[in-house]
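The primary structure of each chain is shown beneath.
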Amino acid sequence: MPPTAPKTNNINVFARWRRLAPSEAAEGTIDYHSTSPTDPHGHLSVSISGGGDPGSTQSWTSPPAFNAIFNPEDDNGEVYKSIVAPAIPHVLRGGSCNFFAYGHSGSGKTHTIIGYDYDDERELGLCLAAARQLFKVIDDLNAKDNAGERLGIGFSLFEMRKKSAFDLLNRRTECHVREGHDGKVHIRGETEMLEGGKVRVCPIVRRPCWSYECFRQELTQAVGARAVGSSSVHSQSSRTHAILELEIICQSLVDARQAVVDRQSELVPVGKRATDISIEEQMKAPVPHPGGKWAPNPDYEMNQERIDAAEAEKAEHEHRVAVAEELVEDILKSAATPCLGAKMVFVDLAGAEYHQEKGAQQLHIPKQTPQERQEGRQINTDLLALKEVMRAWATNQPRIPFRSSALTMVLREHFLSSEKGNSTMIVTVSPAKEQYAATLNSLKYGSLVGVTRA
């Protein structure tokens with residue numbers, strides 16, 4: 001019997017050339033073209049030339065790594081039809097999908113994922129177009145099933161900057177990325193002190209929307225709070241990674257998740273009190289002796305009954321949390337429609353920055369502050385970590401380096417949940433000759449991810 005081929009996950013890689021800006025026309029354009037499929041999977045290669053000094057023959061050809069190449073005349077509608085629309089049936093069956101936009105600053109990532117024209121159907125960002133199509137299906141399901149629960153779309157939107165997350169649905173509240181005892185990564189926001197000593201750690205806000213128009217308005221307002229700054233080629237570059245999660249929800253699922261947060265807030269003071277009582281009793285039991293030694297305190301007997309009572313109360317509240325979490329799982333498992341809980345994740349990565357090789361054509365680089373330079377280094381670190389995670393995940397390596405950066409820690413759940421779905425990377429590049437070096441590096445990054453596929 002021949003050996004079984006190693007399992008691979010599905011990562012699709014596309015390249016998208018943006019339109020040339022009028023101000024870039026005088027400098028000239030990069031010569032680029034895609035080659036015919038030469039590998040058994042029909043993947044394309046990309047060849048570019050025209051960088052460096054005038055008359056230079058500098059050129060580069062990628063390995064067969066790209067599913068398709070989008071030219072400047074292809075609008076967002078064409079990209080959506082080819083990349084996202086085929087995933088909608090998979091989501092409606094309960095699957096999960098991830099979509100990443102990678103590229104240097106000013107290459108069109110945000111235009112692709114979010115979009116800037118919210119009225120032109122052909123230029124809607126991929127996330128808005130996906131939500132619109134999902135709402136069409138959801139509205140039909142709601143109309144057919146009058147007795148069932150109404151379905152909607154819940155979404156969260158936050159940006160990763162350095163090692164923190166900022167909740168764009170909650171006034172850019174700074175949140176912290178933590179790995180819990182269960183091995184899952186949690187994003188924790190502000191801590192609120194409630195009545196009765198309860199402590200609530202606010203999770204990332206998930207905003208329920210029951211119509212497309214509601215979703216569009218909420219998303220537009222949240223995107224306006226995103227941080228921008230200067231980069232090597234773009235004065236208003238996205239200096240953060242924006243992560244947008246869409247999930248098909250119902251009201252009972254929303255209520256059950258809120259109940260989990262409430263039960264956890266009740267557990268915090270009870271758990272703290274149990275720990276304090278245990279420490280207090282243990283501190284009274286021994287007494288110091290000369291020479292730095294400790295011996296049992298003959299005048300005090302540890303009150304084990306007090307410790308046990310506190311631990312029993314803690315166990316009771318832990319049970320309440322577990323019951324609330326089980327209810328969430330039961331709602332998802334027993335849903336009349338398989339799409340409940342299905343997710344689509346759209347990631348608008350921060351603009352990659354590159355150091356130019358010696359002798360290459362020099363770009364005009366705006367003066368940056370030390371903080372901006374530090375942010376650039378952190379962005380590149382995140383993007384390198386993401387590439388390594390994608391390559392390890394695509395080839396089913398036994399160890400996937402999710403802990404390499406806060407970004408990949410946050411994306412861990414989405415990668416693991418999409419094993420039954422797929423992940424897609426869209427490499428956005430510029431045809432401007434002055435951005436040849438950045439375009440070359442973006443295509444190299446995409447080809448490294450693409451060639452890992454079987």
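Residues numbered from 1 in each chain as written. Predicted model: local features only at pLDDT ≥ 70, side-chain atom pairs only at ≥ 80, totals over all residues. Heavy atoms only, no water.

Okay, the overall build of the protein chain next. Each helix and strand in the protein chain was counted, giving 10 helices and 19 strands. Taking the contacts inside the protein chain whose residues are at least 6 apart along the sequence as the reference set, 71% of them involve residues at least 24 apart. Within the structure as shown, the protein chain displays about 22,400 Å² of accessible surface, and the carbon and sulfur contribution to it stands at 52%. (Helix = DSSP H or I, 4+ residues; strand = E, 2+ residues; numbered from the N terminus. Contact = heavy atoms within 4.5 Å. Areas by Shrake-Rupley, 256 points an atom, 1.4 Å probe, with all protein chains shown as cover.)

On to the packing of helix 8 (residues 370–394) against helix 9 (residues 406–417), then. It is the contact of helix 8 with helix 9, at a shortest axis distance of 10 Å, that shows an interaxial angle of 30°. One way to sum up the angle between helix 8 and helix 9 is to call them roughly parallel. You can see that helix 8 and helix 9 cross each other, and the crossing is right-handed. Across the interface between the two elements, Asp382, Ala385, Leu386, Val389, Met390 and Trp393 of helix 8 pack against Leu407, Thr408, Leu411 and Phe415 of helix 9. Here the contact of helix 8 with helix 9 is built from residues that sort into 8 nonpolar, 1 polar and 1 charged. (Axes fitted to C-alpha atoms, helices over the stretch in contact; angles between N-to-C directions. Parallel < 35°, antiparallel > 145°, perpendicular 65-115°, else oblique. Left-handed = near helix turned anticlockwise from the far one by under 90°. Nonpolar A, V, L, I, M, F, W, Y, C, P; charged D, E, K, R; others polar.)

Mapped onto this numbering, the UniProt entry annotates "coiled-coil region" (unreviewed entry) at residues 300–327. Along residues 300–327 one finds 86% helix and 0% strand; the C-alpha atoms at either end are 45 Å apart. (UniProt positions renumbered as here; feature names shortened; annotations may be inferred.)

The first and last C-alpha atoms of helix 4 (residues 126–144) sit 27 Å apart over 19 residues, in line with the 27 Å expected at 1.5 Å per residue. Those residues of helix 4 not exposed but buried are Leu126, Cys127, Leu128, Ala129, Ala130, Ala131, Leu134, Phe135, Ile138 and Asn142. (Expected span 1.5 Å × (residues − 1). Buried < 20%, exposed > 50% of the residue type's maximum accessible area, 1.4 Å probe, protein only.)

Throughout the structure, instances matching the rule amount to 20 salt bridges. Here Arg216 makes a salt bridge to Glu213, at a shortest N to O gap of 2.6 Å. You can see Arg216 and its partner Glu213 sitting in helix 5 (residues 212–223), 3 residues apart, about one turn around the helix. Overall, Glu213 belongs to the partly exposed group, its relative accessible area being 35%. The shortest N-O distance in the salt bridge between Lys387 and Glu388 comes to 3.5 Å. (Salt bridge = Lys/Arg side-chain N within 4 Å of Asp/Glu carboxyl O.)

Turning our eyes to something else, we now look at the environment of Leu267. Summarising the element assignment, Leu267 is placed in helix 6 (residues 251–284). Remark: the alpha-carbon pair of Leu267 and His317, spanning 50 residues in sequence, is separated by 5.5 Å. Filtering out sequence-adjacent residues up to four positions away, Leu267 remains in contact with Lys314, His317, Glu318 and Val321.

Taken as a whole, this structure holds 8 aromatic pairs when the rule is applied. When the centroid spacing of 6.0 Å and the interplanar angle of 35° are considered together, the rings of Phe14 and Phe70 count as tilted. On the criterion of sequence distance, the pair formed by Phe14 in strand 1 (residues 11–17) and Phe70 in strand 5 (residues 68–70) is long-range, its members being 56 residues apart. Accessibility assignment for this pair places Phe14 and Phe70 in one class, buried. Between the aromatic rings of Trp17 and Tyr32, the centroid separation amounts to 3.9 Å while the plane-to-plane angle is 15°, which identifies the pairing as stacked. With Trp17 in strand 1 and Tyr32 in strand 2 (residues 31–34), the pair connects residues that are 15 residues apart, well separated along the chain. Residue class for Trp17 comes out buried when judged on its relative accessible area of 1%. Among the aromatic residues, ring-to-ring pairing joins Phe100, Trp393, Phe402 and Phe415 into one connected group. (Phe/Tyr/Trp six-rings, centres within 6.5 Å; stacked < 30°, edge-to-face > 60°.)

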